[in-house]
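Here is what each chain is made of, one letter per residue.
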Amino acid sequence: AIMGVYRPVVERFQGSGEKSRPTSRKKGTLANALSVSRPILGAVAAYKLITGKDGSLLYGALGAATDMEGVGARLWDKMIAKLGEVATVPEVLKDRGSTIHGEKLDPAADLAYAAEMATGILAGKKTSYLAKAAAAVSVYKGSSKANWYAKTNEKYENALSAQGLKAEKLVVPVDIAGKEAMVEEMLGLGFAAGTAEVNRPLVRFALGALAFGHVAVSWRRSQIVARHYAEQAEQMISQVESGEISGQDDFKF
């Protein structure tokens, strides 16, 4: 995908996906807590948008900020490692930063957050027409992604069953372009929510235009990324069906 203006920021704070994967199997971690909070904050923002109450932009921004859970988790891991060099670290604090469960939880939290924000913007009493158009694109993007995943996951599970292998959910990795698309979409939805907080026509138009532009670029970037992963997923499933591999862990996306 074509690199956008947010690529350097995404690479700096979220990583390129080339770093070592987390090993902690604990579910009660900082990363998971932030991921779980994202749709909760998104729901509050959506409620305020729908009812026309102030504060939707604040809760929406806080929800988007939790997408930086990787940064906080890595800082926690480093802090605990440093502390372990000079003192005994209680077991309850160990492995509470990054977690292997983030591969499933984080994308689900992103999808839920975007769906909630888009719904709130579409049904919002004060959001502009351009903002609603941006939200409609976001809804279409999310529903297309969810529909593809549901069909591909079913095909993957059927392939495992046919080979007598243990059933498991398909985990689609997120590369830097996918992360960039998510940042663009969240910013776009934030701009869209902002139209409910201002009254000046020119400012509302500018925010609406920024919202639509960001979400449209995110949609286009996601289409390119989706084609790549669709091809990879089909190849992986084909290898499972032929008995070449026993699951996604044996395939490099």
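One can find the structure itself at the top, above this paragraph.
Values in this document were obtained by computation on a predicted structure and should not be read as measured data. (Residues numbered from 1 in each chain as written. Predicted model: local features only at pLDDT ≥ 70, side-chain atom pairs only at ≥ 80, totals over all residues. Heavy atoms only, no water.)

### Looking at empty space enclosed by the protein
- One pass over the structure, following the stated rule, counts two cavities of 30 Å³ or more.
- The volume enclosed by the largest cavity comes to roughly 60 Å³.
- Taken together, Pro107, Asp110, Leu111, Ala114, Lys141, Gly142, Lys145, Met182 and Glu185 make up the full set of residues lining the largest cavity.
- Listed by contribution, the elements that provide at least two residues to the lining of the largest cavity are helix H5 (102–123), helix H6 (129–162) and helix H7 (176–194).
- In terms of residues, the lining of the largest cavity owes the most to one element, H5, which gives four residues. (1 Å grid on protein atoms, 1.4 Å probe; cavity = no way out; pocket = protein on both sides within 12 Å on 5 of 7 lines; lining within 4 Å. Points joined across faces, edges and corners; volume = space filled by probe spheres on them. Helix = DSSP H or I, 4+ residues; strand = E, 2+ residues; numbered from the N terminus.)

### Here's the deal with the nonpolar core
- In terms of nonpolar packing, the biggest core is built from 19 residues, with Leu49, Met117, Ile121, Leu189 and Ala192 touching the most fellow members.
- Those elements that provide at least two residues to this core are helix H2 (30–51), H5, H6, H7 and helix H8 (201–242).
- Contacts of Leu189, omitting those with residues within four sequence positions, involve Ala114, Met117, Ala118, Ile121, Ala135, Ser138 and Val215. (Core = buried A, V, L, I, M, F, W, Y, C linked by side-chain atoms within 4.5 Å. Buried < 20%, exposed > 50% of the residue type's maximum accessible area, 1.4 Å probe, protein only. Contact = heavy atoms within 4.5 Å.)

### Some remarks on the environment of Ala131
- Looking at the secondary structure, you find Ala131 in helix H6.
- Distance in space between the C-alpha atoms of Ala131 and Arg204 is 8.9 Å, their sequence separation being 73 residues.
- Residue contacts for Ala131: discarding those within four places in its chain leaves Ile121, Ala192, Thr195 and Gly208.

### So, the packing of aromatic side chains
- Considering all chains together, one arrives at one aromatic pair under this definition.
- Between Tyr140 and Trp219 the ring centres are 5.8 Å apart and the planes differ by 90 degrees, which places this aromatic pair in the edge-to-face class. Within this pair, whereas Tyr140 is found in helix H6, its partner Trp219 is found in helix H8, the two being separated by 79 residues in sequence.
- For Trp219, a relative accessible area of 31% puts it in the partly exposed group. (Phe/Tyr/Trp six-rings, centres within 6.5 Å; stacked < 30°, edge-to-face > 60°.)

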